[in-house]
Amino acid sequence: MADVPMDVASQSVTALDAGTVAQAPVLPPVPTDPVKAAGLERASIRIEGPLETALVQAAGPEVGPALAQVVTRTLVWWVRVPGEILRGDTLDVLYQRRPSEEPLVYAVRFVSGKTGQTHRAYRYQPAGETNAHYYLPGGDELELRMEHSPIDSYEQITSLLRDGRGHKGVDFRAPVGTTVRAPFAGVVKRKNWNFGSNGNCIELVESGGKGRRALFLHLSELPRTVQAGMRVSAGQVLAQSGNTGHSFAPHLHYQLMQGEDRVLDPFDQHKTFRGALVATQKASFEAEVQRLDGLLGTSVAGK
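Residues numbered from 1 in each chain as written. Predicted model: local features only at pLDDT ≥ 70, side-chain atom pairs only at ≥ 80, totals over all residues. Heavy atoms only, no water.

Student: Quick one: what's the story with the pairing of strand 2 (residues 90-98), residue by residue and with numbers?
Tutor: As judged from the six bridges shared by strand 1 (residues 41-46) and strand 2, these two strands associate in the antiparallel manner. Across the sheet, Glu41 pairs through a bridge with Tyr95, a residue of strand 2. Between the antiparallel neighbours strand 2 and strand 3 (residues 101-112) lie two residues, among them Ser100 with a positive phi of about 60°. (Pairing = 2+ DSSP bridges. Helix = DSSP H or I, 4+ residues; strand = E, 2+ residues; numbered from the N terminus.)

Student: So, the environment of Arg109: which residues are in play, and what are the values?
Tutor: By secondary structure assignment, the location of Arg109 is in strand 3. A distance of 2.9 Å separates a polar side-chain atom of Arg109 from the backbone oxygen of Gly297. (Polar contact = N/O pair within 3.5 Å; in protein donor to acceptor, adjacent residues only side chain to side chain.)

Student: A description of the confidence of the model for the protein should follow, citing residues and the corresponding values.
Tutor: Here the protein shows a mean pLDDT of 90. Residues at 70 or above account for 89%. Confidence scores differ between elements of the protein, with helix 1 (residues 6-22) showing the lowest mean pLDDT of 47 and strand 4 (residues 117-124) the highest of 98. Note that pLDDT drops below 50 for residues 4-16; the model gives that stretch one contact with residues more than four away or on any other chain. (pLDDT = per-residue confidence, 0-100. Contact = heavy atoms within 4.5 Å.)

Student: Describe the nonpolar core, and please don't skip the residues or the numbers.
Tutor: Formed by 55 residues in total, the largest nonpolar core has its most connected members in Leu55, Leu75, Leu91, Val105, Phe172, Ile202 and Phe216. When residues in this core are grouped by element, the largest group, five residues, is from helix 4 (residues 64-75). Not counting residues up to four positions away in its chain, the partners in contact with Phe216 are Pro150, Val180, Arg181, Pro183, Asn200, Cys201, Ile202, Leu204, Leu238, Leu252, His253 and Tyr254. Formed by 15 residues, the second largest nonpolar core is a distinct cluster that contains Leu40, Tyr106, Tyr122 and Leu277. (Core = buried A, V, L, I, M, F, W, Y, C linked by side-chain atoms within 4.5 Å. Buried < 20%, exposed > 50% of the residue type's maximum accessible area, 1.4 Å probe, protein only.)

Student: Provide a residue-level description of the sheet that holds strand 1, including the pertinent values.
Tutor: Spatially, five strands are ordered 1-2-3-4-5 in an open sheet, and the strand pairing comes out antiparallel. Only two strands of the sheet have a single neighbouring strand rather than two, namely strand 1 and strand 5 (133-135). Taken over all neighbouring pairs, the strand axes of this sheet differ in orientation by 25° on average, direction set aside. Sitting on the sheet, helix 3 (residues 51-59) is in contact with strand 1 and strand 2, with an inclination near 135° to strand 1. Of the strands in this sheet, strand 1, strand 2, strand 3, strand 4 and strand 5 are in contact with helix 7 (residues 279-296), which crosses strand 4 at around 120°. (Axes fitted to C-alpha atoms, helices over the stretch in contact; angles between N-to-C directions.)

Student: Summarise the packing of aromatic side chains; cite the residues concerned and give the values.
Tutor: Inspection of the entire model under this criterion finds seven aromatic pairs. Judged by centre distance (4.9 Å) and plane angle (65°), the rings of Tyr154 and Phe172 are edge-to-face. Taken as a pair, Tyr154 in the loop between strand 6 (145-146) and strand 7 (156-159) and Phe172 in strand 8 (residues 170-173) lie far apart in primary sequence, 18 residues in all. The exposure class of Phe172 is buried, given its relative accessible area of 1%. Here Phe216 and Tyr254 contribute two aromatic rings whose centre-to-centre distance is 5.7 Å and whose plane-to-plane angle is 25°, an arrangement assigned as stacked. Here Tyr254 lies in strand 15 (residues 251-258) and Phe216 lies in strand 12 (residues 212-219), a separation of 38 residues in the sequence. Across the pair, exposure class does not vary: Phe216 and Tyr254 are buried alike. One aromatic cluster is present, formed by Tyr122, Tyr124, Tyr135 and Phe285 through successive ring pairs. Sitting over the face of the ring of Tyr106, Arg123 holds its NZ or CZ atom 5.9 Å from the ring centroid. (Phe/Tyr/Trp six-rings, centres within 6.5 Å; stacked < 30°, edge-to-face > 60°. Lys NZ or Arg CZ within 6 Å of the ring centre and 35° of its normal.)

Here is the structure:
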């Protein structure tokens, strides 16, 4: 092969260098907000007044009011709302907006002056289970469960007597058709007495002289066998949960009364317990806690 003249070789190298220089420079990657990358948002507040006001200021008026309602459902298991939420308490929330639905909260961290503790809860759905629930860092469920519960399974308790809303019962969010059972032996007093408001409904009077009355509202279609005067045993199937009457989402409203006017708190009347993750679910849960804690970052209390 013939030798290439030095001047030609130099021109070739010069042309190659020029082409290399002409290429666009490689820019470093743009930093990404890990919370946004996860499809979530974070609200961090120091409470100096009403909780809803603080969350509206942090999250905006479009999502703030609904976010306050969802967050309250976790706080009520630690303090009474609103009376035990104090000025200076801090709150960090990870949530996801959903069109035409309330926001989905994934993690809550609440520093309480009332209890002197930092409370945390995480949304987690174990493999193979129908519903996600909120869990404490150790793997116990946040919400208490009732022995002899009127409903077999549910996603979340969305209303309590102690949540400051003035609601007279406990609301269990559950798909339409979830089994509803008698919490005690009794006699069916009436059904469908105020369909426009209550939807399909049943009233059960306890046997044995205690005088408690159980009301079940917003049921789906009632079995024709359920009639006034019918005697039922504890645990007997009465109906299925629904979304009838003045209801904004599928749920069961469960209300206990003493006599005509006295409202009873079911969580005082039933024995309660906390469910917990089994050992085989712990590793996955702990990984999710680590992920969510990383997204929560430093508490607003420490800023």
